[in-house]
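The primary structure of each chain is shown beneath.
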Amino acid sequence: MKELVVLVTLACFASAQHQALIDYLERRLLAIEDRISLWQEQSTRYASELRELKQQMVSQLENLDKEKEALRMNLDGVGTRVDRVERELDYLETHNGAQPCVDVDDKLIEQQVTQVKEKQKAKYFKLTDCSDMISSIKAMKILKRVGGSKGMWTKDTSRASGKVYVFNGTAEDTINEFATQQDFTRSQGMSLSTSLKLPTAWRGTGHVVHNNHVYYINQAEEITVVKYDMRNNSVTDSAVFPVQDHVPVYGLTPETPMDLAVDEEGLWAIYATRQNDRHISLAKMDASSLDIEQMWDTNCPIENAEAAFVICGTLYVVYNTKQPGRSRVQCLFDVNDMVTSEDAPLVYFPKRYGSHSSLKYNPQEQLLYAWDDGYQILYKLMMKKKLEI
């Protein structure tokens, strides 16, 4: 009997030890599972942090690449300007000897300055035989509505090219090119176009396409005119426009720091500065070198101006009138002094949608390419000779 009791006691003791071992193992397993769960959470967090870090690094590298390209372009532009200045200095040194140190009468100096100005004016007048000016707007055709409320569209102004170029917006770096105007008209949005990415973003709506080159405005602290060759996909030249304290050229399109235009005589720049008492100024540019040939201050105010264009050396500034849905040419400036705003007929634009953010004249077609609140419009012009006024 005692042996049975001993056996029962031993069995109970063994069972208790076995249960204790099982409980211990379960606790250890639970602890291990907790650690594994913690490790998984930490691994997931570390992986997420690594992905975020990678994305940040990729973004920073892309920004560095853009800054590097912008710096390279700026250095190229500085090098070009330095070469240009050196050539001009060499030219001046070659053609102008040292001036004698003598006292010159003030009246004689003023007379010489006047003679130089008259010679410059006569020299410019000989550059062109064009004497046309706008008589009225003959017709208006709305092609479509695409893009944002502000932008610019045009053709190559130097040739009978059928390609259409669309600059959608006021701060982008991609141009949409359509093979024909028919493709542009029937395209759903930009679906029938090819994209042309520029090395830097343009600013405003003041760009032109001329002789297979895009001339566009880039602005950081200074206004830069960039000349981009579409055939070679490269920047041919760039030049900082030599003005200080510049202001937006149009009161109703403040996104445009400066406007470029092409007419029968070549490339023009339309701009404004505080020094000219918030009036529009005009400059003739060399389309090949981007040099400034001559500059004029006009009496056309910035206030309430929508856009402007140049025809035969005459600047036409379009203003928003008090009449609903109407714009008109309210001020013009002729660099040859053949016509003034008082002499010119009033030119009204047909009823429009909003405000013209750009007006681009094509001398090959005598058409105005207009962007009006997202609508792309063609204006057919009636011309007459300036001497008929």
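Note that this is a predicted model, so its numbers are computed, not measured. (Residues numbered from 1 in each chain as written. Predicted model: local features only at pLDDT ≥ 70, side-chain atom pairs only at ≥ 80, totals over all residues. Heavy atoms only, no water.)

Quick look at the overall build of the protein now. The number of helices and strands found in the protein is 3 helices and 20 strands. Within the protein, buried positions represent 39% of all 389 residues. Counting contacts in the protein only where the partners sit at least 6 residues apart, residues at least 24 apart contribute 54% of the total. Carbon and sulfur atoms make up 52% of the accessible area of the protein, which totals about 22500 Å². (Helix = DSSP H or I, 4+ residues; strand = E, 2+ residues; numbered from the N terminus. Buried < 20%, exposed > 50% of the residue type's maximum accessible area, 1.4 Å probe, protein only. Contact = heavy atoms within 4.5 Å. Areas by Shrake-Rupley, 256 points an atom, 1.4 Å probe, with all protein chains shown as cover.)

Attention now goes to the packing of aromatic side chains. Using the criterion set out here, one finds 8 aromatic pairs in the structure. Pairing Phe178 with Phe184 gives two aromatic rings, centres 5.1 Å apart and planes at 70 degrees, and the pair type is edge-to-face. For Phe178, a relative accessible area of 0% puts it in the buried group. The structure contains a cluster of three or more aromatic residues connected by ring pairs, namely Trp153, Phe178, Phe184 and Tyr369. Positioned above the aromatic ring of Phe184, the side-chain terminus of Lys144 is 5.0 Å from the ring centre. Above the plane of the ring of Trp268 lies Lys284, whose end atom (NZ or CZ) is 5.7 Å from the centre. (Phe/Tyr/Trp six-rings, centres within 6.5 Å; stacked < 30°, edge-to-face > 60°. Lys NZ or Arg CZ within 6 Å of the ring centre and 35° of its normal.)

If you check the backbone angles, Cys312 has positive phi at about 50 degrees while not being a glycine. By secondary structure assignment, the location of Cys312 is in the loop between β14 (305-311) and β15 (314-320). We note that Asp373 has phi near 55 degrees; this positive angle belongs to a residue other than glycine. Tracing the backbone shows Asp373 in the loop between β19 (367-372) and β20 (375-385).

A separate point is the sheet that holds β20. The strand order β1-β20-β19-β18 describes an open sheet built from 4 strands, whose pairing is antiparallel. Of all the strands in the sheet, the pair left with one neighbour each is β1 (132-145) and β18 (356-362). Strand-to-strand twist of the sheet, defined as the mean angle between neighbouring strand axes without regard to direction, takes the value 20 degrees. As judged from the 6 bridges shared by β19 and β20, these two strands associate in the antiparallel manner. Paired with Asp372 across the strands is Tyr375, a residue of β20. (Pairing = 2+ DSSP bridges. Axes fitted to C-alpha atoms, helices over the stretch in contact; angles between N-to-C directions.)

For Gln219, the location among the structural elements is in strand β7 (residues 213-219). Spatially, the C-alpha atom of Gln219 lies 9.9 Å from that of Thr256, the residues being 37 residues apart in sequence. Of note is the side chain of Gln219, whose polar atom sits 3.0 Å from the side chain of Arg203. (Polar contact = N/O pair within 3.5 Å; in protein donor to acceptor, adjacent residues only side chain to side chain.)

On the surface, a nonpolar cluster with roughly 490 Å² of combined accessible area is contributed by Leu29, Ile32, Ile36, Leu38 and Trp39. Considering the arrangement of structural elements, one finds Ile36 in helix α1 (residues 2-95). (Patch = residues over 30% accessible without salt bridge, like charges linked within 9 Å, V, L, I, M, F, W, Y side chains within 5 Å. Salt bridge = Lys/Arg side-chain N within 4 Å of Asp/Glu carboxyl O.)

Below, the discussion takes up empty space enclosed by the protein. One pass over the full model with this rule turns up 1 cavity of 30 Å³ or more. In this structure, the largest cavity spans a volume of roughly 60 Å³. Along its surface, the largest cavity is lined by 14 residues, and Val208, Ala261, Val262, Lys360 and Tyr361 are the ones closest to its centre. If one sorts the elements of the lining of the largest cavity by residue count, strand β10 (residues 259-263) sits on top with 4 residues. When the residues that make up the lining of the largest cavity are grouped by side-chain class, the tally is 10 nonpolar, 2 polar and 2 charged. (1 Å grid on protein atoms, 1.4 Å probe; cavity = no way out; pocket = protein on both sides within 12 Å on 5 of 7 lines; lining within 4 Å. Points joined across faces, edges and corners; volume = space filled by probe spheres on them. Nonpolar A, V, L, I, M, F, W, Y, C, P; charged D, E, K, R; others polar.)

Taken in spatial order, the 4 strands of this open sheet run β14-β15-β16-β17, and their pairing is antiparallel. Since the sheet does not close on itself, it has two edges, and those belong to β14 and β17 (347-348), each with one partner. The sheet contact formed by β14 and β15 spans 6 bridges and is antiparallel. Its bridge partner being in β15, Ala307 is matched across the sheet by Val318.

Enumeration according to the criterion identifies 2 disulfides in this entry. Covalent S-S linkage joins Cys130 and Cys312, the inter-sulfur distance amounting to 1.5 Å. In this pair, Cys130 sits in the loop between α2 (106-125) and β1 while Cys312 sits in the loop between β14 and β15, placing the two residues 182 residues apart along the sequence. An identical accessibility class is assigned to Cys130 and Cys312; each is buried. Covalent S-S linkage joins Cys300 and Cys331, the inter-sulfur distance amounting to 2.0 Å. One quick way to see it: the torsion about the S-S bond of Cys300 and Cys331 is about -80 degrees, and its sign makes the bridge left-handed. In this pair, Cys300 is assigned in strand β13 (residues 292-301) and Cys331 in strand β16 (residues 327-334), connecting sequence segments 31 residues apart. (Disulfide = S-S within 2.5 Å.)

This part covers the layout of surface pockets. Of the volumes computed, that of the largest pocket is approximately 410 Å³. As for the largest pocket, its lining consists of 20 residues, and the residues nearest its centre are Asn74, Asn218, Ala220, Glu222 and Thr224. Looking at the lining of the largest pocket, the elements that each hand over two or more residues are α1, β7, β8 (223-229) and β9 (234-240). Element by element, the count of residues in the lining of the largest pocket is highest for α1, at 6 residues. Considering only residue class, the lining of the largest pocket consists of 9 nonpolar, 7 polar and 4 charged.

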